Amino acid sequence: MTPYRDVPSGAGLDGRAGLRGEAGVPSEQPGRTTEVGVSVRTVVLVKPDGVERGLTGVCLAAFEEAGLRLVGLKMLTLSPETAREFYRTHRDEPFFDGLVAYVSSGPVVAALFDGPDAVRRVREVIGATDPAQAAPGTLRALYGLSVQRNTVHGSDGEESARQEEAVLFGPC
Ligand code: IDP
Ligand code: MG
């Protein structure tokens, strides 16, 4: 059983069951996962530089303080193979090998957060990829060390959230 299976608002990988029910949107409206007020689930990863420096708690608290609900959580060390799968959309980027080596270099904490517009809200809390460009008060502005070692990951869309959840938490 996955750690979030019993959470009433949780959804399967298809993003349907449960989420609409909580938001009061009829469940017979397939594919409608982006309406205002409808909960979606997104993936957060506290990266190795964040875990190593003891920032896991403060990072997770920032998402809860932003009104998001923690519905899944695990600590793990990604194998290089899993890291490649997690970041596969970047496989042709020049930074890909370095990114894979870094994110598999030590323990990470993977979390699932649920709430209306959760993908966008998580990314607002995290800030821009480059900590030097991140808005003041965002996690990357506060804690990021470099473009690569930027402390926290957040899914960039609902489809990538589903794919990342499948990689990190397995099929449900
Ligand atoms: P995001 O994490 O803000 O969504 P992406 O462009 O999806 O940024 O890149 C994924 C991750 O790859 C970044 O968080 C960062 O760790 C790393 N990365 C992105 N661009 C660079 C770069 O130019 N040099 C080194 N690492 C990078
Ligand atoms: Mg991204």
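Cut-offs used in this document
Residues numbered from 1 in each chain as written. Chains lettered and ligands numbered in written order. Predicted model: local features only at pLDDT ≥ 70, side-chain atom pairs only at ≥ 80, totals over all residues. Heavy atoms only, no water. Phe/Tyr/Trp six-rings, centres within 6.5 Å; stacked < 30°, edge-to-face > 60°. Helix = DSSP H or I, 4+ residues; strand = E, 2+ residues; numbered from the N terminus. Buried < 20%, exposed > 50% of the residue type's maximum accessible area, 1.4 Å probe, protein only. Core = buried A, V, L, I, M, F, W, Y, C linked by side-chain atoms within 4.5 Å. Contact = heavy atoms within 4.5 Å. Near = heavy atom within 4 Å. Polar contact = N/O pair within 3.5 Å; in protein donor to acceptor, adjacent residues only side chain to side chain. Areas by Shrake-Rupley, 256 points an atom, 1.4 Å probe, with all protein chains shown as cover. pLDDT = per-residue confidence, 0-100. Lys, Arg positive; Asp, Glu negative; His and termini not counted. Salt bridge = Lys/Arg side-chain N within 4 Å of Asp/Glu carboxyl O.

Caption draft 1: Layout of the packing of aromatic side chains. In total, this model carries two aromatic pairs according to the counting rule given. Look at Phe63 and Phe113: their rings are 5.2 Å apart centre to centre, the planes differ by 45 degrees, and that puts the pair in the tilted class. Here Phe63, found in helix H3 (residues 56-65), pairs with Phe113, found in strand E3 (residues 108-116); they are 50 residues apart in sequence, far enough to count as distant. Just as Phe63 is buried, Phe113 falls in that class too.

Caption draft 2: Up close: the nonpolar core. Ranked by size, the top nonpolar core spans 20 residues in total, and within it Val44, Phe63, Phe113, Val122, Leu139 and Val152 carry the most contacts. Counting only elements with at least two residues in this core, the list comes to strand E1 (39-46), H3, E3 and helix H6 (118-126). Top contributing element to this core by residue count: H6, with five residues. Contact partners of Val44, with chain neighbours within four places excluded, come to Phe63, Val109, Ala110, Ala111, Phe113, Val122, Val152 and His153. Core analysis: the second largest hydrophobic core is formed by 18 residues, Val71, Ala83, Val103 and Val108 among them.

Caption draft 3: Spotlight on the site of ligand 1. The environment of ligand 1 is formed by Lys47, Tyr87, His90, Phe95, Leu99, Arg123, Thr129, Arg140, Val147, Gln148 and Asn150. For ligand 1, an oxygen atom lies 2.8 Å from a polar atom in the side chain of His90. Interatomic distance of 2.9 Å between a side-chain N/O atom of Arg140 and an oxygen atom of ligand 1. About the coverage of ligand 1: the protein hides 77% of its 520 Å² of free accessible area.

Caption draft 4: Focus on the confidence of the model for the chain. Averaged over every residue, the pLDDT of the chain is 85; residues scoring 70 or more account for 78%. Contacts for the low-pLDDT stretch residues 1-33, under 50 throughout, to residues beyond four places or in other chains number 71 contacts.

Caption draft 5: Molecular detail of the side chain of Glu164. Position of Glu164 among the secondary structure elements: in helix H8 (residues 158-169). Buried charged residue Glu164 carries no salt bridge. Nearest counter-charge: Arg123, at 7.3 Å. The contact partners of Glu164, leaving out residues within four places of it in the chain, are Val43, Phe86, His153 and Ser155.

Caption draft 6: Molecular detail of H6. Here H6 has its buried residues at Ala118, Val119, Arg121, Val122, Val125 and Ile126. Against the buried residues of H6 lie E1, H3, E3, helix H7 (139-143), strand E4 (152-154) and H8. Where H6 ends, the next residue or the one after it, Gly127, has phi of about 90 degrees, a positive value.

Caption draft 7: Local environment of unusual backbone geometry. For Asp117, which is not a glycine, the phi torsion comes out positive at approximately 60 degrees. Mapped onto the secondary structure, Asp117 falls in the loop between E3 and H6. Judged by its relative accessible area of 36%, Asp117 is partly exposed.

Caption draft 8: Spotlight on the pattern of salt bridges. This structure, assessed with the given rule, holds seven salt bridges. Between Arg88 and Glu85 there is a salt bridge, with its nearest N and O atoms 3.4 Å apart. For Arg88, a relative accessible area of 25% gives the class partly exposed. Residue Glu85 is classed as partly exposed on the basis of its relative accessible area, which comes to 38%. In this structure, Asp117 engages Arg120 in a salt bridge whose closest nitrogen and oxygen atoms are separated by 2.5 Å. Its relative accessible area of 42% is what places Arg120 among the partly exposed residues. Each member of the salt-bridge network shares a partner with another, and the members are Asp117, Arg120 and Glu124.

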